[in-house]
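The residues making up each chain are set out below.
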Amino acid sequence: MADRISSGGVARHSTPWLFIIPIALGAVIVNAFASPLVVGLYTYFCVTLMLVLGLQMFMGNSGILNWSYVGFMGVGAFASSILSVAPAVKAMGVPNMYPFLVELNAPIPVAILVGGLVAAAIAIVIAWPLMRLSDAVGVITLFATLIVFHVIMTQWDNVTNGPRTFFGVPFFTTIWIGAGAAIVTILVAYYFRESSLGLRLRASRDDRHAAMAVGVNMVAVRYFTFVLSSFIAGVAGGLWAHYITSFSPSTSFYVTEIFVLLTMLVIGGEGSISGAFVGTAIITVLRELLRQVESLINNSGVSLDVYGLTQVSMAILMIVILIWRPTGIIGGQELRWPLFKKKGVAEPASGAE
Amino acid sequence: MSENTMLSVRDLRASYGAIAALHGVSVEVAEGELVALLGANGAGKSTTLKSICGVLRPVNGTVTFMGEEIANKTPESILRKGISLVPEGREIFTSLTVAENLRLGAFASYKKARYEADLEEMFGLFPILKERLHQPGGLLSGGEQQMLAIARSLMSHPKLLMLDEPSLGLSPTMTDQIFELIGDLHKRGTTILLVEQNAERALEIADRVYLLKTGNIEFAGTPQQMESEVDIAAVYFGGEDAGESCEVVS
Amino acid sequence: MTGEFFINTLSLGSLYALMALGLVFVYGILKLVNFAYGEYIMIAGYTMFVLGTYTGVPWYFTMLLAVVAAAFTSYMTEIVAFRPVRTKSMSAMLVTSFAVSMLLQNMVLLVVSPRARAVPLPALFNESVVVFGVTTPLRNILTIVTAVVLLVGLSLLMKYTVLGIAMRAAADKFTTTRLMGVPANLVISVAFIISGTLAGVVSIFWVSRSASVDPLIGFAPLLIAFIATVIGGMNSLTGAVVGGFVYGLLFNALSIMLPASMLNFRDAFMFVIVILFLLFRPEGLIRGNYTEERVG
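First, a word on scope: everything that follows refers to the structure included in this document. Note that the coordinates shown come from a computational prediction; the quantities given were computed from them, not determined experimentally.

Analysis parameters
- Residues numbered from 1 in each chain as written.
- Chains lettered and ligands numbered in written order.
- Predicted model: local features only at pLDDT ≥ 70, side-chain atom pairs only at ≥ 80, totals over all residues.
- Heavy atoms only, no water.
- Helix = DSSP H or I, 4+ residues; strand = E, 2+ residues; numbered from the N terminus.
- Rg over C-alpha atoms; globule rule 2.2 N^0.38 Å.
- Buried < 20%, exposed > 50% of the residue type's maximum accessible area, 1.4 Å probe, protein only.
- Contact = heavy atoms within 4.5 Å.
- Areas by Shrake-Rupley, 256 points an atom, 1.4 Å probe, with all protein chains shown as cover.
- Lys, Arg positive; Asp, Glu negative; His and termini not counted.
- Charge placed at Lys NZ, Arg CZ, Asp CG, Glu CD.
- Axes fitted to C-alpha atoms, helices over the stretch in contact; angles between N-to-C directions.
- Parallel < 35°, antiparallel > 145°, perpendicular 65-115°, else oblique.
- Left-handed = near helix turned anticlockwise from the far one by under 90°.
- Nonpolar A, V, L, I, M, F, W, Y, C, P; charged D, E, K, R; others polar.
- Pairing = 2+ DSSP bridges.
- Phe/Tyr/Trp six-rings, centres within 6.5 Å; stacked < 30°, edge-to-face > 60°.
- Lys NZ or Arg CZ within 6 Å of the ring centre and 35° of its normal.

### A short note on the overall build of chain B
Within chain B, the secondary structure is distributed over 10 helices and 10 strands. By the compact-globule yardstick of 18 Å for 250 residues, chain B fits well, its C-alpha radius of gyration being 18 Å. Summarising its shape, the C-alpha atoms of chain B cover approximately 55 × 40 × 40 Å along the three principal directions. The buried share among the 250 residues of chain B stands at 56%. Across chain B, contacts joining residues at least 24 apart in sequence account for 68% of those joining residues at least 6 apart. Carbon and sulfur atoms provide 49% of the accessible area of chain B, an area that totals close to 10600 Å². Each charge sign in chain B was given a centre, from 22 positive and 34 negative side chains, and these centres are 10 Å apart.

This is the structure we're talking about:
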């Protein structure tokens, strides 16, 4: 196949490193010099990045909007927390919990992994028929799946404490864990995209019939990717839970959350991990800025619901991007090193004459 | 370009995404002519028609109709200027009745006073339509649908009628009928641009012919000239250089 | 089945049918599942709140203005957000509708309040009437009557006017409709206006159930419209109506049949039932002319 260095002087597999190096360096610098607040912010960014990458893996390559994604995040969060929280704390915090769940305990890393596996298991069971539906029916059904997740998580108080807060989760996700997880996910997402499975998925998105004609089993390809993506969501959910240490399903795994992830992905560009990274970075910074704006405004006496302001800003930004450049800031192709081609290097023929 | 040139296409370039389909096509149709655009599958014949009537936006080139530049106009405005396309595959509104299909054909040019007369004229040309007037279009046979499609276009009183492969998928008898009909329309003075794979029948009724091959005009002239100068079989079935495929451009 | 259950279900089904219809009008032509549809309902609700609370406008006029507000909002979202994205991809339009929905929700949240607001309603809505020996609030009867009137009106429009013919054609083959000289923008704008109008009417009856409005009030009807539409079949207006009634029946039946402890899970049950139904019959109850492709 193609050389590692293709014509045009571009390093073919440089993309993941374009982001891994800054993430690692950033972690070192932030940890050494920045306030605990910023350290926390950076960690949160890394976990969010992992979430967005998992979403990108499925959505960006298949073109299907996976509304149910945050449901799997919630599954991972709960499953891992139930395992890692001490029985005594569980018995007190979730009075109706099934006894066998109260007794369960495992080291945190194991718990988080199990969280991912439980999410994947659910995906394995429910995803096959979902992947057979197409277009509008598929969109609605995936949305309905999110609702089902939400209802179960907020009502099943034998497991989740209902809509109330689940607390007492031990803190585990340090800046190193977060950065490490993000780095691993970048590699996974990148090599998935370039793998045979990823290529087949993208082929089926671009032209369904052509792909089927060359033997791509569209349902199978979508299915495997969905399961993998859900696994990542589950692990990320676990890491997230062990960062914020207490959470509630009524405010954490629902429409607003998928909206935020979607905004990050769409603004950066859903077709590539470069897009996922850029989008996550931009929106994370934006939200922080708006938070500062809120403090300023509140200090001057006027109270403003910054929650609404953040959503409005993101929505407007998303609409603008969709109108102006629907493939996102990055567009569909990965960034490579060097970022800009040197002049004078022969380029393959482009455009109609 | 002669005085009564109705349609003038110059150096038309069109693409489907990154794939260039037309590499600079030039075609002219004068008033009252029946011009045939021939070529093998994938040569770009439908693409040319679609670019003319606004379904496809050309990358480059000009399309002038009655002295007006129409290259980037919407399909609905081009219809109002007087060009009507009978699409490939007929594209009958299957859930609408024959009557409703015809009514829609007259959408832009509806005049209550002459509507009934227009319908009667269509029934004269295509008696079967009157029989099936209140049946859903989806129940008609292939040939009947083709007739409905042509009638539907005629309801708009077009100055230029474009037909995209009208004989496609029709039985030989039906094909005869359709070509006879097209010939009749021509005799009555309708200007026609006909795209066909069935070269033989098209050559019988055409005033002039263009031959399209992978996005380029290979030949332009009268049917007699074409029969003596061009090896038609080679064009359709492959000759020395007939192995070219569409250029894929990144 | 008691008479009360019957009237209740008929009324609920009528409301659900209108919800579904509003969604399908846009879907049929643009093939877009419009997430912002719920927000048209919300805007109508807030119109009733503002007019009812701060002005002396009589209630029937308030309701009329609410419907107009919804139709206008729908029309504007098309022009501002959907039209520019129309030529891009299907998925871009879908995400846009979601973004518009979040935008409208949160703008109202910012400008008014995240908390629910009471909406004054005419007393006669809640008065009980006796119909065929059954006692029921008047608003149930009004819902049924309004639905029937609207359904008949829309049927007449679609069947006997040129505009209706054009819209049906556009839902069948959009590009070919343009080739007939039908302006694409006209057909789409009309679809959005009708959709918004239906949303406005739905809002009147939906808001009157709780006599209050909040920024998220459009979400439940949106979901109902989604599900009712897929049950009935996304490709026909009839399907939407049938789906609405079936869904209303399912809802009421489950409300009665589920043990009290499981009632919280009613929504989840309904969706699971619907999802299972879809797996066996993705095209819904009423087959349209063009069936959704099933992928595998």
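### Comments concerning the packing of helix H3 (residues 59-86) of chain C against helix H8 (residues 184-210) of chain C
All names here are of chain C. Contact geometry of H3 with H8 gives a least axis separation of 7 Å together with a crossing angle of 140 degrees. Classified by the interaxial angle, the pair formed by H3 and H8 is oblique. Of the two possible hands of crossing, H3 and H8 adopt the one that is right-handed. Facing H3, whose interface residues are Met63, Val67, Ala70, Ala71, Ser74, Tyr75, Thr77, Glu78, Phe82, Arg83 and Arg86, H8 presents Ala184, Asn185, Ile188, Ser189, Phe192, Ile193, Gly196, Thr197, Gly200, Val201 and Ile204. Its residues placed into classes, the contact of H3 with H8 shows 12 nonpolar, 7 polar and 3 charged.

### Some words on the sheet that holds strand E7 (residues 160-164) of chain B
Residues and elements named next belong to chain B. Strand order in the open sheet made by the 6 strands is E6-E7-E8-E3-E9-E10, with mixed pairing throughout. The open sheet is flanked by strand E6 (83-86) and strand E10 (216-221), the only strands paired with a single partner. Each strand of the sheet is rotated relative to its neighbour by a mean of 15 degrees, with strand direction disregarded. Along the sheet, helix H1 (residues 45-53) makes contact with strand E3 (34-39), E6, E7, strand E8 (191-196) and strand E9 (208-213), crossing E7 at roughly 145 degrees. Its contacts with the sheet place helix H7 (residues 172-187) against E3, E7 and E8, and it is angled at close to 155 degrees to E8.

### Quick notes on the packing of aromatic side chains
Per the counting criterion, the structure on display carries 38 aromatic pairs over all chains. Relative to C:Phe226, the ring of A:Phe143 has its centre 5.7 Å away and its plane inclined at 80 degrees; by these criteria the two rings are edge-to-face. Taken together, the residues span two chains, with A:Phe143 in helix H7 (residues 135-155) and C:Phe226 in helix H9 (residues 219-232). Accessibility assignment for this pair places A:Phe143 and C:Phe226 in one class, buried. Members of the aromatic cluster, joined through ring pairs, are A:Trp67, A:Phe143, A:Tyr254, A:Phe259, C:Phe35, C:Phe98, C:Phe219 and C:Phe226. If you follow B:Arg103 out to its NZ or CZ, it ends over the ring of B:Tyr110, 3.7 Å from the centre. Across from the ring centre of C:Tyr27, 5.7 Å away, lies the NZ or CZ of C:Lys31, which sits over that ring.

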